[in-house]
Amino acid sequence: MIKPTYCNSERKQSLFHRVRILCLFCLIVFLIGGCGAGMVQDMKTNIEDIKISSLMQKKQHHELIRTLQPALDKNEPLSSFRTFLLAAAYYEIRDYEKMFRTADLLERQIGKGDVAGYGGNLSVYPYTLRGFAYLDQGVFDKALAEASKAAVILDRDAKNDNTFYRTQLIDISCIAGIASAEAGRMKDADRHIKTIEDVTTIGGILGPEKYVALARIHMAKRDYQSALSAVQNPRAGVLGLYTVFYDQTFQELPKYFILVKCLYETGKVEEAKKGYDQLLGHPQMRQIGGLLWPALLDRARIARREGDVKRAEELLKEAVEVIEKQRASINTETGRIGYVGDKQDVYRELIALLCGGNRAAEAFEYVERAKGRALVDLLAAQTKIAVRGKNAENIDRTLSRLTDAEKASATVADVKMPGDVAGTRGVVLKLKKELQAQDPELASITTVTDTDVKSIQSRLNADESILEYFETDEAWYAFVLSRNHIRVTAINGAGLADDVADFRQKLTRAGKTDYMARAKALYGKLFAPVAGQLATPRLIIVPHGVLHYLPFNALHSGKEFLLDRYQLRILPSASILGILADRAGTGRRSALIMGNPDLKNPSLDLKYAGQEAIALGKIIPQATVLLRNNARADVIRDKGHQYGILHFAVHGVFDAENPLNSALLLAGNGSGQGLLKAGDLYQLRLNSDLITLSACETALSVISKGDDVIGFTRGFLYAGARSIVSSLWQVDDEATRDLMVGFYQRLPRMDNDKALREAQLQVKKGRPHPFYWAAFQLTGLPK
């Protein structure tokens, strides 16, 4: 068995196994002197290559970059071998932008014929470099595509009796195996495992490469026992002649993490505890957030199991701080070893601990931070987010500097130079504070900001309360906030996902009454335990997880629906209340109404949506009504900011795989641009008091183990809306027309939440089944 220690018995190899193999053979070729003229151009070049290779062996990646990058900056030629080492060094310090750029250069050079490097064919390396980087970033489809390209080249160009062929085959199969497992394609993952198992480790040099690759794929499959068996295999050590040339100072934390994680997951808790303590004590561990937070999480769970709640709390709070340091997701290390954890687990564990201690206010603050982290992660891939206001130029400059500083702080420093990264992280904190002061709303979606319970309570009116839900692995919790108190109650969430799905299915069968039993049961689970704490007529609900799919207004006490008792509205998080309240209303009653756009498919026509748009145009004095070919997406992009009210009586589609691709279906502008995607909204500058999405499923988005459901509602809120009306399922066209007409007729004399409630009650009189009236909900402010 491999003992959890840093030296001697644990020989850690680079994740880029081919770097070690190439560097090793470069050294051997020179010392033995048996290389041919085709391998070594001249003695001077060979000596320089050995020096550069030794930098990679010693993990002096920054020094290697300082040695090689100046040549590229001066447009001087660099051999493919050295270009490969440079790209690998950028990968090792997590500078992916420069790694991709250098890998592309390597591909071009190989295409010109510079293919060989000390007995090895370099042709596959641009693809495996990119493949491993995509694994780090969690972009598994792209990782698999790169591995597939590399496999074609390997079969075409390499010799299968060559050590380089074997290490390249291991790498390609490792990338493909992890990507397949993370995509849920376990049979494909098993096929790649078999390929690696069949590789012969001649002379022992490929032992570490082979068995760590197997461990990584098993980790991705969550088969921790098999992963542990692989990493503990005696043949994972470096054996034979090659150990003479192997630098024993070469340390790689990810392999050690694999060992300790597998010990923990297979129940060897005491060994895992010792291993995590050693891991957390490693001088470089604080630089690698992607490994640090899951190590802290598991160590905290061990502490809770041992009854050391204070230590568990300290570890979990440190993990939260690690997670929130960066705007971008920090799955890099865990992605590369085949273990992609869920950062929300850290928040869930901490919130459960605090709730168990009846520390409602502190737990609530971490609930809000968890929702903020989920939103930041989702939007991290957005290439552009609109910056608004008179100070937009300065804000944009601060955001750009913050992005650059975060990239720099995410790189891993040489062992001898940790101060460089520490200094950069100080700059990141300073710039985050600047952004928070310049634009709190932008800061809220690009960084995780602090949440103050008293500040949220001060935003509440005397006649309203907040009911916020949060799910942990241990229980569901319901927080009730009024202006003067906060309480938390543990509720029974067993089978809740199935209950909500069944309820929704029954609700969408108009005319049938079998929904009532489920409406009462869900009321009993979610509402009855806190009903006595809710004494206000207005209720703000902040859902979590599957509850984003739930029409709360259709829950039934046995005597009445919640709609009959409360004016309900929804918020994606309680923290956004302050941002919306600080947003000045336009005071404009001008409206842009779009209805029944021409989608070039008669089956998609919405007869009553057109009637709805025309009827609303008569109710709202300053209304512009656009129908059919005039209801175009480019009108919203170009002129949407001119209107206080935007109304869409159109189809909406929900993309569960990529919620930012969910779209409103509008007419094209001649070039086919008829989609208004949720992701587009973060680039728009609207200034609307009310946006109504009278369309199908416009309130929905994908639900992960974390949160935040990000569909059109959150996007329109960021774009500038103060209130949004949207729907939870495919609505009846005629009933929607009647409901919307009733809603807008009441708006001049009522707040938004009251107007929507009374319009729903009116429809309910003629069509009692919730299918016709319960789909619509108000998100944002009541007026």
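Figured I'd write up the structure that's included with this text. (Residues numbered from 1 in each chain as written. Predicted model: local features only at pLDDT ≥ 70, side-chain atom pairs only at ≥ 80, totals over all residues. Heavy atoms only, no water.)

## Some thoughts on the overall build of the chain
Defined as follows: Think of it this way: any DSSP run of H or I at least four residues long counts as a helix, any run of E at least two long counts as a strand, and we number them from the N terminus. Think of it in three bands: residues with accessible area under 20% of the maximum for their type are buried, residues over 50% are exposed, and the middle band is partly exposed, with areas taken using a 1.4 Å probe on protein chains only. When checking whether two residues touch, look at their non-hydrogen atoms; a contact exists if any pair is within 4.5 Å.
In terms of helices and strands, the chain carries 31 helices and 16 strands. Burial analysis of the chain (783 residues in total) assigns 60% to the buried set. Partitioning the contacts of the chain with sequence separation of at least 6, the portion at a separation of at least 24 is 75%.

## Re the nonpolar core
Let me state the cut-off plainly: Here, nonpolar core refers to any group of buried Ala, Val, Leu, Ile, Met, Phe, Trp, Tyr and Cys residues whose side-chain atoms link them within 4.5 Å.
Core analysis: the largest hydrophobic core is formed by 160 residues, its most contacted members being Phe479, Phe648 and Phe716. Considering every element that reaches this core, the biggest residue donor is helix α8 (residues 163–182), with eleven residues. Ranked by size, the runner-up nonpolar core spans 61 residues in total, among them Leu616, Ala759, Phe771 and Ala774.

## A look at α8
What counts is decided by this rule: Here the expected length of a helix is defined as 1.5 Å per residue gap, with one fewer gap than residues.
With 20 residues, α8 should cover 28 Å at 1.5 Å per step; its first-to-last C-alpha distance of 29 Å lies within 8% of that length. Counting buried positions along α8 gives 18 out of 20 residues, so the element sits mostly inside the fold. A positive backbone phi angle near 85 degrees is found at Gly184, which sits one or two residues after α8.

## A look at the sheet that holds strand β12 (residues 663–665)
Defined as follows: Here, a strand pair is defined by DSSP locating no fewer than two bridges between the strands. The axes used here are C-alpha line fits, helices contributing only the stretch in contact, and every angle between their N-to-C directions lies in the interval 0 to 180 degrees.
Taken in spatial order, the three strands make up an open sheet running β11-β12-β13, and their pairing is antiparallel. Looking at the sheet topology across the chains shown, the edges are occupied by β11 (651–653) and β13 (675–677). The sheet shows a mean angle of 25 degrees between the axes of neighbouring strands, taken without regard to direction. In this structure, β11 lies alongside β12, joined through three bridges in antiparallel fashion. Counterpart to Val653 in the pairing with β12 is Ala663.

## What about unusual backbone geometry?
For Asn358, which is not glycine, the phi dihedral falls at a positive 55 degrees. Tracing the backbone shows Asn358 in the loop between α17 (344–356) and α18 (360–379). In this model, Asn596 sits at a positive phi of 45 degrees, which is unusual for a non-glycine residue.

## Structural notes on the packing of aromatic side chains
Rules: The pairing test for Phe, Tyr and Trp rings, Trp by its six-membered ring, is centres within 6.5 Å, and the orientation test on the planes gives stacked under 30 degrees, edge-to-face over 60, and tilted for anything in between. Either the NZ atom of lysine or the CZ atom of arginine qualifies as a charge over a ring when it sits within 6 Å of the ring centre and within 35 degrees of the ring normal.
Within this structure, the stated rule accounts for 13 aromatic pairs. Between Tyr264 and Tyr276, the ring centres sit 6.4 Å apart and the planes meet at 65 degrees, which makes this aromatic pair edge-to-face. With a gap of twelve residues between them, Tyr264 in helix α12 (residues 253–265) and Tyr276 in helix α13 (residues 269–280) connect regions that are remote in the sequence. The class for Tyr264 is buried, based on a relative accessible area of 12%. For the ring pair Tyr469 and Phe552, a centre distance of 5.8 Å and an interplane angle of 20 degrees mean the geometry is stacked. Here Tyr469, found in strand β3 (residues 464–471), pairs with Phe552, found in the loop between β6 (538–542) and α25 (562–565); they are 83 residues apart in sequence, far enough to count as distant. Here the two residues Tyr469 and Phe552 agree in accessibility, since each one is buried. What links up through ring pairs into an aromatic cluster is the set Phe257, Tyr264 and Tyr276. Residue placement shows Arg767 over the ring face of Tyr772; its charged tip is 5.9 Å from the ring centre.

## Points about the pattern of salt bridges
Rules: In the sections that follow, a salt bridge refers to a side-chain nitrogen of Lys or Arg positioned within 4 Å of a carboxyl oxygen of Asp or Glu.
According to the stated counting rule, one finds 44 salt bridges in the structure shown. Put simply, Asp95 and Lys98 hold a salt bridge, and the shortest N to O gap is 4.0 Å. Linked through salt bridges whose partners overlap, the residues forming this network are Lys261, Glu265, Asp298, Arg301, Arg304, Asp345, Arg348, Glu349 and Asp473.

## Considering helix α23 (residues 496–507)
The first and last C-alpha atoms of α23 sit 16 Å apart over twelve residues, in line with the 16 Å expected at 1.5 Å per residue. Of the surrounding elements, those touching the buried residues of α23 are β4 (476–481) and α24 (516–526).

## A short note on the side chain of Ser482
The test is simple: Polar contacts, as counted here, are pairs of nitrogen or oxygen atoms within 3.5 Å of one another; within protein the pair requires one atom able to donate a hydrogen and one able to accept it, and residues that are adjacent in sequence qualify only if both atoms are side-chain atoms.
With respect to the helices and strands, the residue Ser482 is situated in the loop between β4 and β5 (486–491). Here Ser482 falls in the buried class, since its relative accessible area comes to 13%. Polar side-chain contacts of Ser482 include one of 2.8 Å to the side chain of His485. Every residue in contact with Ser482, bar those within four places of it in the chain, is listed here: Gln457, Leu460 and Ser465.

## Things to note about the environment of Leu78
Relative to the helices and strands, Leu78 is located in the loop between α3 (61–73) and α4 (80–92). Each C-alpha atom of the pair Leu78 and Gln109 lies 9.2 Å from the other, and the pair is 31 residues apart in sequence. If we ignore the near neighbours within four places in the chain, the residues touching Leu78 are Leu68, Ala71, Leu72, Thr83, Leu86 and Gln109.

## Concerning the pairing of strand β10 (residues 645–649)
Among the five residues in β10, five count as buried, and that is most of the element. Every second residue of β10 is oriented toward a common face, with Ile645, His647 and Ala649 on one face and Leu646 and Phe648 on the other, all of them buried. Summarising the sheet, strand β8 (residues 591–597) and β10 pair through five bridges and their orientation is parallel. Residue pairing in the sheet places Met594 in a bridge with Phe648 of β10. Inspection of the sheet shows β10 paired to strand β14 (residues 690–693) by four bridges, in the parallel sense.

## Structural notes on the packing of helix α30 (residues 733–746) against helix α31 (residues 752–766)
Helix-helix packing is characterised by the crossing angle of the two axes and by the distance between the axes. We apply this condition: Each angle receives one of four descriptions, namely roughly parallel if under 35 degrees, roughly antiparallel if over 145, roughly perpendicular if within 65 to 115, and oblique otherwise. By convention the crossing between two helices is left-handed if the near helix lies anticlockwise of the far one by an angle smaller than a right angle, and right-handed if it lies clockwise.
Close contact between α30 and α31 brings their axes to 8 Å; oriented N to C, the two are set at 140 degrees. By the angle between their directions, the pair α30 and α31 is classed as oblique. You can see that α30 and α31 cross each other, and the crossing is right-handed. Judged by residue contacts, Ala735, Asp738, Leu739, Gly742, Phe743 and Arg746 of α30 engage Asn752, Ala755, Leu756, Glu758, Ala759, Gln760, Gln762 and Val763 from α31.

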